[in-house]
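Architecture at a glance
Listed here are the chains, written in short residue letters.
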Amino acid sequence: MSKRKFIKLFYFSNMISSYYFSGILNSGGCFNNYTSGILASLFELKLAQEHIAKMKHAYKERMFAACEVLEKNLPVGCKWTKPSGGYFIWISLPTNTDVGKLLQTCLQDEKIFFIPGSRFAYEPTVGNNCLCLSISFHSKEKLVDGATRFCALLKRYLGETLK
């Protein structure tokens, strides 16, 4: 399967996932025949393409804006990977940083949430200094504000923990 087709399917899945998880399109843990018919018709009649293009543009714009803030403001000693697509930005902090404590500080002080890197690891001790930011939920403006506040808090947090 080409990369382009994968991206289209990926964005399309987000278009219908809210209906699926709310139970409207769900039938015992999988799509029912009615849902499968709707989806097949959407593709046959080319009714999903406009929405897919719109969502792809919106996510690309959000990702670019969030990455621009990180590029300018992420503290020294932090590394991140600029994604070529998707919804997530992976950030590695200095080795001894406790991301669990950082998450508590972010939630308490700035109401910012991220996913600790250990949640993606095969062993609980791996990835304790890593985190994952998502760009899929909030508007570009909120993401820029949140990423700016996150970087400022991270600078303070790392300054305090390194003392």
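Before any of the text, the structure's been laid out above.
We now turn to the structure provided with this report. Keep in mind that this is a model prediction, so the values were computed, not measured.

Here's the deal with the overall build of the protein chain
Scanning the protein chain from terminus to terminus reveals five helices and six strands. In sequence order, the protein chain lays out its α and β elements as α-β-β-α-α-β-β-α-β-β-α. For the protein chain, with 163 residues in total, the buried portion stands at 32%. The contacts in the protein chain between residues at least 6 apart in sequence include a share of 60% that link residues at least 24 apart.

A short note on the packing of aromatic side chains
Counted by the stated rule, this structure contains four aromatic pairs. With a centroid separation of 4.8 Å and an interplanar angle of 65°, the aromatic rings of Tyr59 and Tyr87 are classed as edge-to-face. Linking Tyr59 in helix α3 (residues 49-73) with Tyr87 in the loop between β3 (79-81) and β4 (88-92), this pair joins segments that are 28 residues apart in sequence. On the basis of relative accessibility, which here comes to 7%, the residue Tyr87 falls in the buried class. Taking the centre distance of 5.6 Å and the plane angle of 80° together, the rings of Trp90 and Phe120 count as edge-to-face. Of this pair, Trp90 sits in strand β4 while Phe120 sits in the loop between β5 (115-116) and β6 (130-134), and the two are 30 residues apart along the sequence.

Reading the values: rules and limits
Residues numbered from 1 in each chain as written. Predicted model: local features only at pLDDT ≥ 70, side-chain atom pairs only at ≥ 80, totals over all residues. Heavy atoms only, no water. Helix = DSSP H or I, 4+ residues; strand = E, 2+ residues; numbered from the N terminus. Buried < 20%, exposed > 50% of the residue type's maximum accessible area, 1.4 Å probe, protein only. Contact = heavy atoms within 4.5 Å. Phe/Tyr/Trp six-rings, centres within 6.5 Å; stacked < 30°, edge-to-face > 60°.

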